[in-house]
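Each chain, written out:
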Amino acid sequence: MASWLGGLGSGLGQSLGQVGGSLSSLTGQISSFTKDILLEGAEEVGDAATELHVSNSRLREIESINAAQKLENERLKKVCSDLEEKHEAAELQIKQLSIEYRNQLQQKEVEISHLKARQNALQEQLQKVQTAAQSAQSGAGALPPATTSASYVPVVRHSSGFEGYDMDFGDILWSQQEINRLSNEVSRLESEVDHWKQIALELKRNLSQEIDEHQHELSVLQDAHKQKLVEITRRHREELSEYEERIEELENQLQQDGMSTDAMGGSKISEQKKNARSLEGGKIEELEVVKDQEDEIRKLNHKLSSAKEENKILLKEQELAKVEKIQIMQEYENLKSEFSKLQGAVAEQDALLKEQDKKLQSKTSLPEDIVRLQQALLEAENEIARLSSLNQEGLEKELTSSKHKSENILSAYAEDQNSELSQLRQDLERKEHELNESVAERETLIVELEELDKQNQEATQHVITLKEQLSKHHMETDSIINQLKFDLEFERNKLSELEMEKMETIKELDIQKEKLSQCSYALNDLHVSKQQLQDNIKDLQEQLRKAQDCNFHHKKEIGELQQRLKEREEEVSVSLSKLTEKSNQESDYACQDLILKEREVEIAKLQNDISENKQLNEELKKSLSDLRAENVKLMASTEELKQELNSAISEKNKVYLEKDTVVEALKMEKRQLESELNQAERRLLEQAHKYKQTIEELSQARSMDTSALQLEHERLVKCNQEKDFKIAELKRSIEQMETDHQETKEMLTTSLGGQKQLTELIKEKEIFIEKYKHQALQVKQELEEYIKVSKKQDALKQNLEEKDRSLAVMKEENNHLKEELERLKDQQSRSVPVVEPKTLDIIIELESEVTQLKVIKNNLEEEIEVLKKTIEDQNQTAAQLQESLQEQRKEIDESKFQCEQMNVTHERLSLEKDEEIKNLQKTIEQIRTQLHKERQIIQTDSSDLFQETKVQTLNGENGNEKHDLSKSEIERLVKGIKEREMEIKLLNEKNISLSQRIDQLSKDEVGKLTRIIQEKDSEIQALNARVSLASSRQDVLCLQQQLQAYVLEREQVLAVLSEKTRENSQLKTEYRNIMDMVAAKEAALVRLQEENKKLSDRSENSSQDMSRETIQNLSRIIREKDIEIDALSQKCQTLLTVLQTSSTGTDNGSGGVNSNQFEELLQERDKLKQQVKKMEEWKQQVITTVQNMQHESAHLQEELHKLQAQISVETDSNSKLQVDYNCLIQSYEQNEKKLKSFSQELAQVQHSIGQLYNTKDLLLSKLDLVTPSVTMASTVSQLSGVQHSAPELLSDEAKLLQNELEQLKQKLQEKDSTIRTLQENNQRLSDSVATASEIERKNQEGTESEMRQIKEKHDVLQKSLREKDILIKSKSDQLLSVSENLSNKENENELLKQAVTNLKERNLILEMDIRKLKEENEKIVTRSREKETEFRALQETNMQFSMMLKEKEFESHSMKEKALAFEKLLKEKEQGKTGELNQLLNEVKSMQEKAVTFQQERDQVMVALKQKQMESSALQSELQHSREKEQRLNQELERLRNHLLEMEDSYTREALAAEDREVKLRKKVLTLEEKLVSSSTAVENASHQASLQVESLQEQLNLVSKQRDETMLQLTISQDQVKQYALSLANLQMVLEQFQQEEKAMYSAELEKHKKQAEEWRKKAENLEEKVVSLQESLGEANAALDAASRLTEQLDVKEEEIEELKKEGEIRREMLEDVQNKLMNLMNSTEGKVDKLLMRNLFVGHFHTPKNKRPEVLRLMGSILGIKREELDQLLSEDQRGVTRWVTGWLGGGAGSKSVPSTPLRPTHQNVFNSSFSELFVKFLETESCPSLPPPKLSVHDMKPLGAAGTVKTISTPSNVQMQDSAVSVMGRRPDTNPFLAPRSAAVPLITPASSSGHLLMKPISDALPTFTPLPVSPDASAGVVLKDLLKQ
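Note that the structure is predicted; figures quoted are calculated from it, not measured.

**Here we look at the overall build of the protein**
Okay, so step 1: Counting its secondary structure elements, the protein contains 31 helices and zero strands.
Okay, so step 2: Counting every position in the protein, which comprises 1930 residues, the buried fraction comes to 35%.
Okay, so step 3: Taking contacts inside the protein between residues at least 6 apart in sequence as the whole, the part at least 24 apart equals 91%.
Okay, so step 4: Surface accessibility of the protein: about 117000 Å² in total, with carbon and sulfur atoms responsible for 55%.

So, in structure tokens, the structure goes:
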């Protein structure tokens, strides 16, 4: 099973791995394809805007992917949690199951022990019978024991409930695991199919829920079943105990009845005949009934077989219920076996009765007394028949007793009929009295039997209820199985649909493959055309080069011709001058005229040539221009062709990629199919193996049993196995479906991916076409944009100049602002530095670094441990050396320990220092990041401040608050900067100190290393000295061990070195990569900083210009308003004074009106004053704000300067840090150099050690020379002395290592002297040897041979020593070199790791800076936009202010008019015209209203004017731009004219040269055009084919979509079908329930039949008994093997053979038993009337051992044996002292005990011998006589479950040793006073042992299954004669 499980798991793993691999490969291909497309897109995109768009789209895609992955992660986490919960539940279930199965195993073992004990008992009985038969045949006159063995109550077996369960524990575990795995896989499939089919997901969820519910139900059912089992077993035990007690009581009563009927022996013979006849008739009837029942059983078997087929679907839980049934049936079998034994006894009685009949026929007729006795017997038999109706067992026991009695009667009758008749007459009356008593007892028995019947009925009812429960459970399991089948069918339908889809996709794939092949052909054609075009282009290029060369030559020729022309012209001029001279001499030179004419002709010719050359030159220039135009066209066409080729290549690549994907998918399918085939083969093999096992088990079962019970057992086994197979099949089908589903999914994904790729390709091609169309337009637009940009740049230049001017003004303002800032700094408190958000990232990095450091620490600790181990090994080897060196060794060990401690402390220090350095670096990085942030904040704040100035100038009161805020922020920043500066200084100081410490540490390390090296050298020298001393074999062994240890160390060190080198290389590569990354990041940072600076400069300039303009305008307006207000206030005061003076001189009537008017005017004046005050306040506020702004700007400038200074300081500090880093690197290099120098020194030291070794070798060689050839005793002693002196000297050498060479020289001299002395001794000895005798020579020869052998051994040892020394040298050298390399590599690794960490930190910092700069860029852009919006808002506010100013002007104008009116009024008052004043006032009011209207109109006009002004300003700016444009265009025009003129000159020159080659080039062009036409047609064909393919693919897509719709429709149809199936299932379940109800009725009827057929089982019980015997024998043989409990599993296979052999043995034993019984019967018949002499002698002697009170009982016993009548005995005993007793006592001389009698040993449990009765003594005597000398056989004892609650202890009673039995009985007996043989059975031998605690089987208490042979239960009232007779029979 385990192998099958492993195979299945591995197969599953392979399939899953392949699926994962295929998915990963697919995803990889898709990602690479998308990357290629994106790269192509990126190459083609030219604009910045399009690039931005592309990047945004990519970002969105990445975000969407990220979101999807997060969702998937969450889902997977949920799934994981669910799976963990399920796993825990499964583990708990498994634990429970394992506990149950262990208990069941223990029960099985107990049952086996029971059966073995039973078998042993039977074997012992057989042996008894055989021994008895042999003794009877051999001993003449001895009484035989009876055939009947001691009866014992059979032990009821309690099966554990798991007898018929063949499943292995591993199989059950596997099934549980499979269930859990299936649930997990169902959940996994649900998550996968979720994307494709939601309906399938819901169904699978339901399935998983049902499985979980089913598991829950199973667990509940199991618990319920266990409880039921416990209750049933308890009840059963109680019932059994009750039955046993009642049976014992009945046995006692029946025995009493039997004893009463003993007296009527003779009269019962005829009645017994009748009984025998009636029994024979009953037997025949029973046979007939048995035959009928057998027929019925056959029918039932047929029915059972049909029921088997129906109940194959049952689950494992029903097996437990059926095992209960098997238990009950086994109990029933035990009862049957007992019944069959009783029937066998009846048959024996019948045989005896027949023999008696024969004897009676031979004898004469009996007297009338016998007839009366027969009548009495008939009456007694009637009563017995009534009792037998009450209880069959009682009847059978009565028959046995009657048989015994009849035998006794017959024997007595043969001896003396008359005496027996007289006794019978006397006894009849007594028996009649006893019969009456028995009738009363019968009635009590009837009552008890009724109670038993009731209990039996209750038990049957309980069984029926159990059956009903089982049937219900069966129904439920059937429904579950049906549901599972339905689910299977549904999934199969799905599978078929998926397979159809798969087939369709395969077809589509084939079509696509064909199209791919077409595409490849087209591609090949394109490649050919491309190659042709390339060849053409090359030809054209060569022709162009040739033409250019020709043109160049032509130019050269033209130049030469021009030079010649010039020369000719000069010659002509010379000739003309000569002609003029010669014209004077015409007369003289008449012949020269002809020459002149010829010259003129030549000149004309030359002029014609020149004109022709000019024409040619012009034509060449024209042709050149044409050729250039054509060349341009050709280049354009070639570029187009190249683009087309590129596109074709990309298409080809894509096609190849698609092909590869298809091929890979097919390969994956093939692999999956192969794996599935392998799995299927494995499954088939496993199934075959299982089937074989089942066939074997069935064959065993068939051979074992033939009864219906065993058939049922077989059926259950088959059902179980079939269910297992079905479960396995279902699981496999589910797995197959899952795999198919995954395959279809993969196929769909691949096909969809291919289609998507094709569609994307089509789209890309369309996009490319559109791009090519729009490129021309874009170029034009770009030109226009460039022109606009140039204009904008000019405008920007002007703005820059203006801003430069405004900078000077702003600097002054900054100074003021700085002063204000200083003032504010004194006021404000310290600001808390801002917590950085990036601390979490830093913490995470620190944690990762800490983990890395821990790993390094662990590695170092492991290395230290390894080193310690090696040191310990060396210590052990050193301990085996001489004792003198132990003290030195201890010192070396202590030094090593100190070194190790030093190393550990050094490592700890280095680690701590590294941590401190890292912390400092991190703090530095944090400060840097904070500084960057503060810079950004300062930059942003500066821009914000300028914005705030604008807002303050405009928004009066709110300005102060904003201003305060900005100040607080500035102060906070300044304080933060100062704190940072302090921190930076502190950190710099710390850094310097740390660098110094590191240098010191490196120096300390070097010093320590040198010390360690020196110590090692000293150790090596000491070892060398020891090695030189070593001369014994122990030293050689020690050296070998050291060598091995060194080799191992070397290997370890080499392995470590290789790992370190690998790590070093990896770290170097990482270092380089990180350096590259850092460089790139730094470059990006620099760029971003430059951009930031530019943007900030622009924003500052723009904001400064705007603020300056607004401030100037506002100041101008405010001054104008102040002047106007002052003038108006003066006017008002003058008017008031005039009015006051005039009011004193006026009349009373006119004064009232004037006063009202004046009040109004005063009110108006107050209002005006208030307004004026407000205006003044506003003006002051504005002035203050302007001043504040100026101060702030000045302060800000100062701060900027400071910040710049700080930045410069930081850069300096950075440069210092870099310098420090470089210094550290240099120091590291210096350290490396020092290490190299140390290594060189080490090499020198090793060389010196080598020299020492050489000196040692020389010494050894000299020592070899020293060894003498002569072997006399004196020489040996001398040699030993020399040898002793040598090690002493050498030990001195070891102490003085520095003066080694001098000592060695001295020693050499000493050795030379010793050698000389030895040589002299040798000579003397040789002389003495010559004078010696021949005997001494012989001795010398022997000793010489021995010495030679010793020398040879010595030489060998010395050679081996030298070799070992050389090896040690080499190994030590290697070790040192390797250790040096290791240390170097470790140092390098550490440095590289530090560098890597630093670089990583730098990289992170740079990334952070880049992010910050990007954020700053974005902020600056947003701020620029905000500034624009603010600028617009400011313009609007300006407009509002101008409107307000106009209103104020209007109000001032109205005031002026009022003042004029007052003046007029004053004048009129002077004149005294009061009436006109009212008119004037009215006019004034009307004028005011008009003024208001005019004011409104004026406002509107002003607004319109402003708008017009704005428009005009815009138009003016446009005009300026247009003028500038005109100027630039004019300039460009002039430049172009000049250029054109130059070009025309050049073209005219080139045209002349190019005209000649025009014709050739035209021809070539024609050929090229033809080729182009052909290539274009090929391209068109290819494009046409591609378009056709696209169309076909689109059609396929449409087909696929249609198929998908069809599949969806099919799904809906299938769901409807599922619903219909569910309805039909419900109907089927109803029908099944009805059928089961009918089955219940049938079962009840069959139960009744079974009750009727109980009689039939009796005969079958005999066969079962035989089989039980054979089984017991086989179990007995297995018992011997059970001493070793581990062999149980092996013996299961052997049992079949043993059973067959034991059956044969059983048959042989039965035959032997029958023979023995026949022999015993014959012996009984032959030796009935005889008396044993030995017995009588023992009785006679025993009489004298008894006390005097009980001697008459002995005499009566003797009399009864001898046949003396009771009356005579009474008479004899009644005589006082003249009878037998006195005679006997007198005869033996006073009751002295004979020595011959064996005295029975007294037990502590017994009473005293003298107090006991004679019968007890006689029994003891018999025990001692019958005890065999053989030892009792040993029996294996196993623990058993208690059958009932009893607190007694069971004794072990062997059949041979009856003494033990007696003792046990005496201990455990209920009544100690009575005879143990007369005790009842329940008291004598208790059936139950207490439940023992768990432990080994052999250590547990004795089993109750052992054969406890109970003695015959005899009533205490019975006489001693009856007891003796019973004993004799036994």
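**Regarding the packing of aromatic side chains**
Okay, so step 1: The final tally for this structure, using the stated rule, is four aromatic pairs.
Okay, so step 2: Judged by centre distance (6.2 Å) and plane angle (70 degrees), the rings of F486 and Y1621 are edge-to-face. Of this pair, F486 sits in helix 9 (residues 417-583) while Y1621 sits in helix 21 (residues 1558-1652); the two residues are 1135 residues apart in sequence, bridging distant segments of the chain.
Okay, so step 3: Between the aromatic rings of Y691 and F725, the centroid separation amounts to 4.5 Å while the plane-to-plane angle is 35 degrees, which identifies the pairing as tilted. Taken as a pair, Y691 in helix 10 (residues 592-704) and F725 in helix 11 (residues 708-827) lie far apart in primary sequence, 34 residues in all.

**A closer look at the side chain of K825**
Okay, so step 1: Among the structural elements, K825 can be located in helix 11.
Okay, so step 2: Buried charge K825 goes without a salt bridge, the closest partner of opposite sign being E1199 at 4.4 Å.
Okay, so step 3: When neighbours within four sequence positions are excluded, K825 is seen to be in contact with E971, V974, K975, H1195, E1199 and K1202.

**A look at the packing of helix 25 (residues 1751-1762) against helix 26 (residues 1766-1774)**
Okay, so step 1: Following both chains from N to C, one finds helix 25 and helix 26 inclined at 145 degrees, their axes separated by 10 Å at the closest point. Between helix 25 and helix 26 the crossing geometry is right-handed. In this structure, helix 25 uses P1752, L1755, R1756, G1759 and S1760 to contact helix 26, whose residues at the interface are L1769, D1770 and L1773.
Okay, so step 2: Among the residues making up the contact of helix 25 with helix 26, the classes are represented as four nonpolar, two polar and two charged.

**Thoughts on a nonpolar patch on the surface**
Okay, so step 1: Together, L840, I843 and I844 make up a nonpolar patch on the protein surface, roughly 300 Å² of accessible area in all.
Okay, so step 2: One can find I843 in helix 12 (residues 839-879).
Okay, so step 3: Residue I843 is classed as partly exposed on the basis of its relative accessible area of 42%.

**Some thoughts on a negative patch on the surface**
Okay, so step 1: Together, E1662, E1666, E1707, E1711, E1714 and D1715 line one region of the surface with negative charge.
Okay, so step 2: When residues of the negative patch are traced back to their parent elements, those giving at least two are helix 22 (1656-1681) and helix 23 (1688-1726).
Okay, so step 3: A per-element tally of the negative patch places helix 23 first, with four residues.

**What about the packing of helix 24 (residues 1733-1745) against helix 25?**
Okay, so step 1: Direction vectors running N to C along helix 24 and helix 25 enclose 165 degrees, while the axes themselves pass 9 Å from each other. Relative to helix 25, helix 24 is oriented roughly antiparallel. Note on packing geometry: the crossing formed by helix 24 with helix 25 is left-handed. Of the residues in helix 25, those touching helix 24 at L1735, M1736, L1739, F1740, H1743 and F1744 are R1751, V1754, L1755, M1758, I1761 and L1762.
Okay, so step 2: Counted by class, the contact of helix 24 with helix 25 contains ten nonpolar, one polar and one charged residues.

**Structural notes on the pattern of salt bridges**
Okay, so step 1: Evaluated as defined, the whole model comprises 22 salt bridges.
Okay, so step 2: With a shortest N-O distance of 1.4 Å, E100 and K226 are connected by a salt bridge. Of the two residues, E100 is situated in helix 2 (residues 48-138) and K226 in helix 4 (residues 198-260); the sequence distance between them amounts to 126 residues.
Okay, so step 3: For E100, a relative accessible area of 15% translates into the label buried.
Okay, so step 4: A relative accessible area of 28% places K226 in the partly exposed class.
Okay, so step 5: In this structure, E571 engages R568 in a salt bridge whose closest nitrogen and oxygen atoms are separated by 4.0 Å. Residue E571 and its partner R568 are located together in helix 9, separated by three residues, close to a single helical turn.
Okay, so step 6: Assessed through its relative accessible area of 49%, E571 is described here as partly exposed.

**Some details on the side chain of S733**
Okay, so step 1: With respect to the helices and strands, S733 occurs in helix 11.
Okay, so step 2: Within the local environment of S733, its side chain forms a polar contact with the backbone oxygen of L730, the two atoms lying 2.5 Å apart.

**Concerning the nonpolar core**
Okay, so step 1: Membership of the largest hydrophobic core is limited to eleven residues, which are L1067, I1074, V1078, L1085, L1088, L1392, V1396, L1399, L1406, I1410 and L1413.
Okay, so step 2: If you list the elements that add at least two residues to this core, you get helix 15 (1033-1145) and helix 19 (1334-1471).
Okay, so step 3: Apart from the residues within four sequence positions on either side, L1088 is in contact with I1410, L1413, K1414 and N1417.
Okay, so step 4: Grouped together as the second largest cluster of nonpolar side chains are nine residues, L1735, L1739, V1754 and F1818 included.

**Here we look at a positive patch on the surface**
Okay, so step 1: Judged by side-chain charge, K299, K303, K1649 and K1652 come together as a positively charged surface patch.
Okay, so step 2: Mapped by element, the contributors of at least two residues to the positive patch are helix 5 (268-310) and helix 21.
Okay, so step 3: Topologically, K1649 is positioned in helix 21.
Okay, so step 4: Look at K1649 and you get partly exposed, because its relative accessible area is 42%.

**A look at the environment of S219**
Okay, so step 1: Its location among the elements puts S219 in helix 4.
Okay, so step 2: Side-chain polar atoms of S219 contact the backbone oxygen of H216, separated by 2.5 Å.

**Points about the confidence of the model for the protein**
Okay, so step 1: For the protein, the mean per-residue pLDDT works out to 75, and 75% of the residues sit at or above 70.
Okay, so step 2: Scored below 50 in pLDDT, residues 1267-1291 makes 30 contacts in the model with residues more than four places away or belonging to other chains.
Okay, so step 3: Within the model, the stretch residues 1897-1919 combines pLDDT values under 50 with 81 contacts to residues more than four positions away or in other chains.

**Examining the environment of S1379**
Okay, so step 1: Tracing the backbone through its elements, the reader meets S1379 in helix 19.
Okay, so step 2: A relative accessible area of 33% places S1379 in the partly exposed class.
Okay, so step 3: A C-alpha to C-alpha distance of 9.9 Å links S1379 and V1056, two positions 323 residues apart in sequence.

Rules of the game
- Residues numbered from 1 in each chain as written.
- Predicted model: local features only at pLDDT ≥ 70, side-chain atom pairs only at ≥ 80, totals over all residues.
- Heavy atoms only, no water.
- Helix = DSSP H or I, 4+ residues; strand = E, 2+ residues; numbered from the N terminus.
- Buried < 20%, exposed > 50% of the residue type's maximum accessible area, 1.4 Å probe, protein only.
- Contact = heavy atoms within 4.5 Å.
- Areas by Shrake-Rupley, 256 points an atom, 1.4 Å probe, with all protein chains shown as cover.
- Phe/Tyr/Trp six-rings, centres within 6.5 Å; stacked < 30°, edge-to-face > 60°.
- Lys, Arg positive; Asp, Glu negative; His and termini not counted.
- Salt bridge = Lys/Arg side-chain N within 4 Å of Asp/Glu carboxyl O.
- Axes fitted to C-alpha atoms, helices over the stretch in contact; angles between N-to-C directions.
- Left-handed = near helix turned anticlockwise from the far one by under 90°.
- Nonpolar A, V, L, I, M, F, W, Y, C, P; charged D, E, K, R; others polar.
- Patch = residues over 30% accessible without salt bridge, like charges linked within 9 Å, V, L, I, M, F, W, Y side chains within 5 Å.
- Charge placed at Lys NZ, Arg CZ, Asp CG, Glu CD.
- Parallel < 35°, antiparallel > 145°, perpendicular 65-115°, else oblique.
- Polar contact = N/O pair within 3.5 Å; in protein donor to acceptor, adjacent residues only side chain to side chain.
- Core = buried A, V, L, I, M, F, W, Y, C linked by side-chain atoms within 4.5 Å.
- pLDDT = per-residue confidence, 0-100.

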